[in-house]
Amino acid sequence: MDGEISPSEVEALLDDDPPRVVDIRSPGEFARGHIPGSVNVPFAELPQRVETLADAAHVVTVCPHGQASVQAARLIKSYEGIDDAVVESMRGGLEAWTGPLETDADPDEGPESPF
């Protein structure tokens, strides 16, 4: 792992030279809101899917609070095919993110409100 990156730095990179943002939360959490352009690779699936990141020059891992993403960044950096990539964890996680979020959830999904 090459360290941590602030949410504001990630947001600035999205406009110029976007890194591969890897959101390690569950698919349901990801669908409810994620950083625009990010990909969902749940932490439990990361060891089997890390090779899909081999072509990335810069990877930023994201989780709810910025703790599990440190472990994810270390795992990605340890993969042989990621030798030259910069791999960072976003400090503070999505809790610290103030930029826009994309959603995949259908607003009509879920149980009807009894009220």
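Preceding block: the structure.
So, here's what we can say about the structure. The residue numbering used here restarts from 1 in each chain and proceeds along that chain's sequence as written. For a predicted model such as this one, the threshold for reporting local features is a pLDDT of at least 70, and the threshold for listing and counting side-chain atom pairs is 80 or more; totals across whole chains, interfaces and linings nevertheless cover every residue. Heavy atoms from the whole structure form the basis of all side-chain values; hydrogens and water molecules are not counted.

**Here we look at the sheet that holds strand 4 (residues 58-62)**
Through backbone hydrogen bonds, the strands of a sheet pair up, either in parallel or in antiparallel fashion. At least two DSSP bridges between two strands are needed for those strands to be called paired. Helix and strand definitions here come from DSSP, where helices need a minimum of 4 consecutive H or I residues and strands a minimum of 2 consecutive E residues; each element is numbered from the N-terminal end. Here we have five strands laid out as an open sheet, ordered 1-5-4-2-3, and parallel in their pairing. Each edge of the open sheet is held by one strand with a lone partner, namely strand 1 (4-5) and strand 3 (39-40). Inspection of the sheet shows strand 2 (residues 20-23) paired to strand 3 by two bridges, in the parallel sense. When the bridges of strand 3 are listed, V22 appears paired with V39. Running at roughly 170° to strand 5 (residues 86-90), helix 4 (residues 68-78) makes contact with strand 1, strand 4 and strand 5 of the sheet. Contacts are assigned to residue pairs that have any heavy atoms within 4.5 Å of one another. Here, axes are lines fitted to C-alpha atoms. For helices the fit covers the stretch in contact, and angles between N-to-C directions go from 0 to 180 degrees.

**Brief notes about the pairing of strand 4**
Buried residues are those whose accessible area, probed at 1.4 Å on protein chains only, stays under 20% of the maximum for their type, while exposed residues exceed 50% and partly exposed ones sit between those limits. A large share of strand 4 lies buried, amounting to five of its five residues. Here strand 4 shows a buried face lined by H58, V60 and V62 and a second buried face lined by V59 and T61. Bridge count between strand 2 and strand 4: four bridges; the pairing is parallel. Along strand 4, the bridge assignment pairs V21 with V60. When strand 4 meets strand 5, the two strands line up parallel, connected through four bridges. In the strand pairing of strand 5, H58 is matched with V86. Handedness of the crossover joining strand 4 and strand 5 through helix 4: right-handed. Look down the strands so they point away from you; if going from the first strand over the helix to the second traces a clockwise path, that crossover is right-handed.

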